[in-house]
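Residue strings, one per chain:
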Amino acid sequence: MPPPADIVKVAIEWPGAFPKLMEIDQKKPLSAIIKEVCEGWNLPNPETFSLQNADSTNFYITEKNRNNIKNGSILRLTTSAAQMAQQLHERIQSSSMDMKLDALKDLANSSRDITFAQEFINLDGISLLTQMVESGTDFGDLLSFTLTAFVELMDHGIVSWDTFSVAFIKKIASYVCKAAMDTAVLQRSLAILESMVLNSQDLYQKVAQEITIGQLIPHLQGTDQDIQTYTIAVINALFLKAPEEKRQEMAHILAQKQLRSIILSNVIRSNKPINDEMAHQLYVLQVLTFNLLEDRMMTKMDPQDQAQRDIIFELRRIAFDVECDSNNSGSIEKRKSMYTRDYKKLGFINHVNPAVDFTQIPPGMLALDNMLYFARHHQDAYIRIVLENSSREDKHECPFGRSSIELTKMLCEILKVGELPSENCHDFHPMFFTHDRSFEEFFCICIQLLNKTWKEMRATSEDFNKVMQVVKEQITRALTIKPNSLDQFKSRLQNLSYTEILKLRQSERMNQEDFQSRPILELREKIQPEIMELIKQQRLNRLCEGTCFRKISSRRRQDKFWYCRLSPNHKVLHYGDLEESPQGEVPHDSLQDKLPVADIKAVVTGKDCPHMKEKGALKQNKELLELAFSVLYESDEYLNFIAPDKHEYCVWTDGLNALLGKEMTSEFTRSDMDTLLNMEMKLRLLDLENIQIPEVPPPIPKEPSNYDFVYDCN
């Protein structure tokens, strides 16, 4: 009979005693269980004891978490959380430095447990720790463990961050600003500053007064990735909490201090792989940087604002410089007609007053900013695109103005401009850290891609939305490989032509969309045993053909061969030595030895093979381990194999497992299964091309009221 669900079997430890095996009734109060345990070891005052997990966490067992205890758990009887908190509260005030250090170590470790943390905080422990920091008398490990305990206690969210004094903030900030500070102290100080900024607007202002970006930059130029991560986290926190009017100013300071290039050279392109936390902080910085564009993205153009209209005039001047010079004179009507013609060539929707095109938000004025940047910094490409399309007479011209506006809007959607960073995302792109104007450069590459794709599709104005969908797919596919530079991104886009996108779509449609519906999955499941049987027969047929194996000694490789093959009735393995490598199949009667399949006990591979356990064999190259397998028979007899290659290894291990009625698990079996199954599915679905397969079977019609009918075949 299995034990009742409320009974849990555990082992309980106590220092100096043998562990006690007992059954815990989860319906009984925890205090009663602790009392029972104490009585078993004759321990007085059971109220001063608690149960703890005897693992790396050492968390206390409480009424709230006791249901997490599993059968086989190891628990420890220990001092109660209240008693432990009281003892540590007294010990960390000891005059002995050694005792104080040991107490702070224990406190830092115990503070991870919310049960202990609550008890220590109830003793006003947080205030005691802040006083110790403010006094400035502790250094090195003493200070490090004090700050660690503080961070762990605050992480539980029991105490508000708003309660801390300016003196404490100044002290923590001073540790960050010092040139040569203990690594552990610096790391904890940065973590505290980040939490202060994120959890309190009042503390943000106080922290912002105490530290500057210039004081944080040197920490990024070191080699400790944890310090670099915490430093970027503090910068992100200051960026995130800064009032909107100060963010642009802060971005200007970051640019002056060359934060981007420092991160690129010391973090992204360093020899160390980027861990998940660093990737998250880089993603947050990327998002916050792009969010600076939100103001321009949500700003409509004022058609009456002459300064804004001058930007459009500048676009016209750069594109049609020669024409402008030759048409400086003439009547107002003639000039208006000329402007209208040029604005049409530039691809604006409103030819008379293109300023109206920029009243749509998003992308608002951001689109105009991008167009001007492209015209000024990539002038040759800009002029080529405008003139190339304005001179076409076949209705296949790509409207530069309209395309730029829609492309800017699309890029803002892809990069999620204006959205707050996600807490669990690590999706940063190294290429955006390679240029001070990365968004504008990103636009310049993409607008040239759009023009190229337009020509490949031979699109007209009616195809505009279709072209934009293809361009969006090209950009998102190129971004998935996380290019290290804008040039790599550009190269990737060159390979993603419209033809390639069509091929990828067709391939994915066959492999994903069609093959994921319920009827298709049921069909796959039905076909799978047939395919597996086909693979099994192929493997057994190959064993019947046989294979020549080399003999491997424990000392060196020798040019001696032996041959093994399965009998046609699949009941006997025939094997024997050969003088030289055979040119074809070796007949059964020339192989002297036999092994009945019924005598085979098991098939083992790799290091489990007897001939791979010998000391000499282990000195062979690692490839031999991957090609070794053995057939065990009788009590301690075995037949050892070293396959000539990976394919033969998979064929033989699959075939032998099939003979024993076991599953074939090689990578070749998985590959063959995928190939054959997909091929069979495509053949069976050939007649259903372009026919929508319903997700659920059609309803069965109701039975007729009577069966008094006859079908006359004549």
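Because the structure is predicted, anything quoted here is derived from the model rather than measured. Residue numbering note: each chain is counted from 1, following its sequence as written. Local features in a predicted model are, by the rule used here, given only for residues with pLDDT of at least 70; side-chain atom pairs are given and counted only at 80 or more, and totals for whole chains, interfaces and linings are based on all residues. Heavy atoms from the whole structure form the basis of all side-chain values; hydrogens and water molecules are not counted.

1. Quick word on the pairing of strand 1 (residues 7–13)
Here is the rule we go by: Burial status follows relative accessibility: with a 1.4 Å probe on protein chains alone, a residue under 20% of its type maximum counts as buried, one over 50% as exposed, and anything between as partly exposed. Helix numbers and strand numbers start at the N terminus; a helix is a DSSP run of H or I with at least 4 residues, a strand a run of E with at least 2. Between any two strands, pairing holds if DSSP finds at least two bridges.
Most of strand 1 is tucked away, with five of its seven residues classed as buried. For strand 1 and strand 2 (residues 20–25), the ladder comprises six bridges, and the chain directions are antiparallel. Paired with Ile7 across the strands is Asp25, a residue of strand 2. The turn linking strand 1 back onto strand 2 is made up of six residues, and Gly16 within it adopts a positive phi angle of 85 degrees. Bridge count between strand 1 and strand 4 (residues 74–79): three bridges; the pairing is parallel. By the bridge assignment for strand 4, Ala11 is matched with Ile74.

2. Some words on the nonpolar core
Applied cut-off: Only buried residues count toward a nonpolar core, which is a set of Ala, Val, Leu, Ile, Met, Phe, Trp, Tyr and Cys residues joined through side-chain atoms within 4.5 Å. The contact criterion used is simple: two residues touch if any of their non-hydrogen atoms lie within 4.5 Å.
With 80 residues, the main nonpolar core has Leu129 and Ile263 as its most contacted residues. Leaving out residues up to four positions away in the same chain, Ile263 has contacts with Leu220, Ile232, Ile268, Leu282, Leu285 and Phe433. Counting 66 residues, the second-largest nonpolar core is a separate cluster that includes Leu346, Met371, Trp454 and Ala459.

3. Some points on the pattern of salt bridges
Our working definition: Put simply, a salt bridge is a Lys or Arg side-chain nitrogen that is within 4 Å of an Asp or Glu carboxyl oxygen.
A complete count under the given rule lists 27 salt bridges for this structure. Arg316 is the salt-bridge partner of Asp342, the closest N and O atoms lying 2.9 Å from each other. Of this pair, Asp342 sits in helix 18 (residues 332–345) while Arg316 sits in helix 16 (residues 306–319), and the two are 26 residues apart along the sequence. With relative accessibility at 0%, the residue Asp342 sits in the buried group.

4. So, the packing of helix 26 (residues 518–545) against helix 31 (residues 667–684)
To keep things clear, this is the line we draw: Convention adopted: a line fitted to C-alpha atoms gives each axis, helices being fitted over their contacting stretch, and angles between N-to-C directions are expressed from 0 to 180 degrees. Convention used here: angles under 35 degrees read as roughly parallel, angles over 145 as roughly antiparallel, angles from 65 to 115 as roughly perpendicular, and any remaining angle as oblique. Put simply, a crossing is left-handed when the front helix is turned counterclockwise from the back one by less than a right angle, and right-handed when it is turned clockwise. Each residue is assigned to one of three groups, with Ala, Val, Leu, Ile, Met, Phe, Trp, Tyr, Cys and Pro labelled nonpolar, Asp, Glu, Lys and Arg labelled charged, and all others, Gly among them, labelled polar.
One can describe the packing of helix 26 onto helix 31 by two numbers: an axis separation of 9 Å at closest approach and a directional angle of 130 degrees. As judged from the angle between their axes, helix 26 and helix 31 are oblique. Helix-helix and strand crossings are classified by hand; for helix 26 and helix 31 the assignment is right-handed. Here Ile520, Leu523, Arg524, Ile527, Gln528, Glu530, Ile531, Met532, Leu534, Ile535 and Arg539 of helix 26 come into contact with helix 31, specifically with Phe668, Thr669, Asp672, Met673, Leu676, Leu677, Asn678, Glu680, Met681 and Arg684. In terms of residue class, the contact of helix 26 with helix 31 is made up of 12 nonpolar, three polar and six charged.

5. Considerations on helix 24 (residues 486–495)
Condition: The directions from the helix axis to the C-beta atoms are what the arc is built from.
What helix 24 keeps buried is the set Leu486, Phe489 and Leu493. Considered in projection along helix 24, the buried side chains sweep an arc of 55 degrees and stay on one side of the axis. In helix 24, those exposed residues whose orientation departs by more than 90 degrees from the buried face are Asp487 and Asn495. Residues of helix 24 that are buried sit in contact with helix 22 (438–457) and helix 23 (464–480).

6. Side note on the confidence of the model for the protein chain
Rule in force here: For every residue, the predictor reports its confidence as pLDDT, a number between 0 and 100.
Predicted confidence across the protein chain gives a mean pLDDT of 87, with 93% of residues reaching 70 or more. Per-element mean pLDDT across the protein chain ranges from 46 in helix 28 (residues 615–618) up to 95 in helix 21 (residues 400–414). With pLDDT under 50 throughout, residues 322–327 is counted as low confidence; its partners more than four residues away or in other chains account for seven contacts. The low-confidence segment residues 554–558 (pLDDT under 50) makes eight contacts with residues lying over four places distant or belonging to another chain.

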